[in-house]
Amino acid sequence: MDLLYEIKYSLMTIFPPSIFDILDIALLAYIIYQIIKFMLENRAGGLFKGLAVLVGAYLVAKIAHMKALTFIFENAFNVGLIALVILFQPELRRSLEKMGRSSLAKLRFGEDSEAYEKWEVPINEICEACRELSASSTGALIVIERTEKLGEQVRNGITLNSDITCQLLGNLFFKNAPLHDGAAIIRDGRLLSAGCTLPSAAKPELVNKSLGTRHKAAIGMSENSDAIIIVVSEETGVISVAENGNLRREVSCDDLKMLLEERLISEKAKKEAEKKQEEQAGAASAHDESAGSDKPAAKKSDNSGKEDS
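Attention in this report is confined to the structure presented alongside it. Here the structure is a predicted model, which means the values were calculated and not measured. (Residues numbered from 1 in each chain as written. Predicted model: local features only at pLDDT ≥ 70, side-chain atom pairs only at ≥ 80, totals over all residues. Heavy atoms only, no water.)

## So, the pattern of salt bridges
Counted under the stated rule, the structure contains 11 salt bridges. Residue lysine 62 is joined to glutamate 74 by a salt bridge in which the shortest nitrogen-to-oxygen separation is 3.3 Å. Of the two residues, lysine 62 is situated in helix α3 (residues 45-63) and glutamate 74 in helix α4 (residues 67-87); the sequence distance between them amounts to 12 residues. Assessed through its relative accessible area of 30%, glutamate 74 is described here as partly exposed. In this structure, the salt-bridge partner of arginine 263 is glutamate 243, at a minimum N-O distance of 2.7 Å. Of this pair, arginine 263 sits in helix α10 (residues 253-264) while glutamate 243 sits in strand β6 (residues 239-243); the two residues are 20 residues apart in sequence, bridging distant segments of the chain. Overall, arginine 263 belongs to the partly exposed group, its relative accessible area being 29%. Look at glutamate 243 and you get buried, because its relative accessible area is 13%. Taken together, the shared-partner salt bridges connect Arg146, Glu243, Glu262 and Arg263 into one network. (Salt bridge = Lys/Arg side-chain N within 4 Å of Asp/Glu carboxyl O. Helix = DSSP H or I, 4+ residues; strand = E, 2+ residues; numbered from the N terminus. Buried < 20%, exposed > 50% of the residue type's maximum accessible area, 1.4 Å probe, protein only.)

## Here we look at the environment of alanine 177
Checked against the element boundaries, alanine 177 lands in the loop between α8 (166-172) and β3 (183-187). Given the relative accessible area of 13%, alanine 177 is considered buried. Those residues in contact with alanine 177 that sit more than four places away from it in its chain are Asn171 and Leu172. (Contact = heavy atoms within 4.5 Å.)

## Brief notes about the pairing of strand β1 (residues 140-144)
When you tally the buried positions in β1, you get 5 out of 5 residues, the bulk of the element. Going residue by residue along β1, you find Ala140, Ile142 and Ile144 tucked away on one face and Leu141 and Val143 tucked away on the opposite face as well. Where β1 and strand β5 (residues 228-232) come together, 5 bridges link them in antiparallel fashion. In the sheet register, leucine 141 faces β5, and the bridge partner there is valine 231. Inspection of the sheet shows β1 paired to β3 by 3 bridges, in the parallel sense. Bridge pairing in β3 places valine 143 opposite isoleucine 185. (Pairing = 2+ DSSP bridges.)

Put into structure tokens, the structure is as follows:
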């Protein structure tokens, strides 16, 4: 053990690591971690094991000087990277889009002050509509657009571009309404389009068989964008929320409101809006007090005028 420490100390003395070496190792470890995570999340464990077996077989063939097998393996590995990119093209695309969305979301400026005013009323109306739709077991599919625009889905529906109200959402998803089977898309606090068709899940065979068409469409839309999709089950009236390819079921209206405020309104914007409302309330009360104090003075002057006459 002492010998190992001496060797390590000697190597560190001869080749002292620089900050770039440490950064290089840290980045390599992070990349390997992300690759393993990607494999596990996309159920590619079997493929990963198969590649490990092929690499092991190649090393054995290389050591044993098996020229034919070595030649085949080397040429296969040359095109193997391209084959993996083609094989995992949908998963790689979603991962890159997710990386871009998470990076761009941090670069938005000047939107905090407008977010509260833009979403305060729509969130309340959406939650109230979901409460009524759930109580009557009326199926609904509501897509709330975030940073990634859903132009393709908007174009295949009917453009409304109207204010959001509980009554309007209830009429859209009424069982005999012509647009009740499609999705309603909300952008910037306004009901932009209705009767929209959403993409299906990337791997429908992995989706729970008990889920209906609306739930599968919600999962598919959440896989292809950063939108928040709200689903009300027509059979049970249960409210579900799909986000980032995951479906959260049995969401209460209070939890739904908290989730939407957390995703659409930053904590900073909420505090600024509350502070502004308090200032306006204080100014209004001060104005009322000053107006009330002026009335007795006016009466007093009127009485003094009468006494003089």
